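# Commentary on secondary and tertiary structure
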Amino acid sequence: MLRTNFILILLLLGSLLSLNAQKYEGIAKTPPMGWNSWNRFGCNINEQIIREMADAMVASGMKDAGYIYINIDDCWQGGRDSLGFLYPDPKRFPSGMKALADYVHSKGLKIGIYSDAGWKTCGGYPGSRGYEFQDALQFAEWGIDYLKYDWCNTDNLVAEEAYKTMARALMAAGRPIVFSICEWGNNKPWLWGAKYGHLWRTTGDIIDCWDCEKGHGSWVSNGIMRILDMQMDKDLNLRQYAGPGHWNDPDMMEVGNRLSVNESRAHFSLWCMLAAPLIAGNDLRNMSKEIRDILINKEMISINQDTLGVQCFRWFDYGDYEIYAKPLSGGELAVCFLNRGNTPINISFDWKDSENIYDGKYIYEFDKVTYKLRDVWAHKDVGNTARPFIATIPARDVIVLRLTK
Ligand code: GLA
């Protein structure tokens, strides 16, 4: 009798917990890592490309470096059947989504898909509005592990409610799915996104240039430096909202697209410092060795994946020369020296003489403590903070140091 009561109580507690839970906890405790089709392929996707990208993720060493999600972006949809179920474009995905998911899973990877809170996606394909529970069930049945949920054609929908609805649908579908909120920061998702999702776009779309913007009629996409500056908005102070299970998303990476190697290294380093999701957006099948080495630099990745989950701040701003700092677990610190400009910059950084860091819980007192320095791109120990750090940062590049007591 006692035992039955105990089991009944457990069941009741369990169902109450799952009713109350608004998202899957325990996934995305560090920023998600993977690949997405949009930045490089746009709408020109098919199952062959997705399979080959999964193969390349393994062959390139990216899987070993921690990348796990293969994410299909917009334009995969064929339509809805007579019962309202979404199906993929039969020409581009003739084997169907379940078979594709099985293939990706067979490589030890996970698969992501894309939908939209409105009645149509940004590419004009069927959106999930009014079909949220049905679509979530369908995604779960296919074996989807990650959903990017966009914000086009949403008319007067209230963003928080729309994302909450899809979050509930994902919970009801019963498969742990990373929920990526993509409403471009329009409705301050950092204030409510952590309740329903694991990451939220803070800004509009990225484009593969260092410091340009591109107009698209009613909206603008932004190069790396512009996106970076938006993350640093002093009034918003976005970094306070990031942490294990809930991340600011400055958009998927352009590393290896139309950027130089130096620009790609700087972009990658900054996204690591920002505790941003590391979602590659290049063609993994034919990247150069330099680009591959950037994407799989484990010393840099471990700064991104640090369990503390603290986003960097801009420590010093000297115009083209900026310094970013990111507290790490175990009292360590990552410091990124950025040269935004077009000519090399010689730096001499005197730790003993510079401001100590008092970052809420995290304190770094350079006048009292000497830290060892590790250059994470040169893979070399480079002295300690007792002496000034002297170096040259190439144009549009970075030097990143890891400080250890
Ligand atoms: C929006 C998103 C992009 C991409 C496209 C697809 O612009 O912000 O990341 O998903 O839609 O149409």
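Basis of the calculations
Residues numbered from 1 in each chain as written. Predicted model: local features only at pLDDT ≥ 70, side-chain atom pairs only at ≥ 80, totals over all residues. Heavy atoms only, no water. Near = heavy atom within 4 Å. Polar contact = N/O pair within 3.5 Å; in protein donor to acceptor, adjacent residues only side chain to side chain. Areas by Shrake-Rupley, 256 points an atom, 1.4 Å probe, with all protein chains shown as cover. Nonpolar A, V, L, I, M, F, W, Y, C, P; charged D, E, K, R; others polar. Axes fitted to C-alpha atoms, helices over the stretch in contact; angles between N-to-C directions. Helix = DSSP H or I, 4+ residues; strand = E, 2+ residues; numbered from the N terminus. Parallel < 35°, antiparallel > 145°, perpendicular 65-115°, else oblique. Contact = heavy atoms within 4.5 Å. Domains from an automatic or database assignment. Buried area = accessible area lost by both parts, 1.4 Å probe.

### Regarding the site of the ligand
In the vicinity of the ligand, 13 residues are found, and the nearest of them are D73, D74, K148, D150 and D205. Separating an oxygen atom of the ligand from a side-chain N or O atom of D150 is a distance of 2.8 Å. Contact distances for the ligand include 3.0 Å between an oxygen atom and a side-chain N or O atom of W184. Bound to the protein, the ligand loses 95% of the 310 Å² it would expose on its own. Residue classes in the shell around the ligand are distributed as 6 nonpolar, 1 polar and 6 charged.

### Here we look at the packing of helix α3 (residues 47–59) against helix α5 (residues 97–106)
As a packed pair, α3 and α5 sit with axes 9 Å apart at the nearest point and diverge in direction by 10°. For the element pair α3 / α5, the angle class is roughly parallel. For the pair α3 and α5, the contacting residues are E47, I50, R51, A54 and D55 in the first and A99, L100, Y103 and V104 in the second. Among the residues forming the contact of α3 with α5, the class breakdown is 6 nonpolar, no polar and 3 charged.

### Topic: the domain arrangement of the protein chain
We note that the domain assignment places domain 1 (2–304) and domain 2 (313–404) within the protein chain. For domain 1 and domain 2, the distance between their C-alpha centres works out to 31 Å. With 24 residues of domain 1 in contact, the opposing surface of domain 2 contributes 26 residues. Of the roughly 2,100 Å² buried at the junction of domain 1 and domain 2 (both faces included), carbon and sulfur atoms supply 60%.

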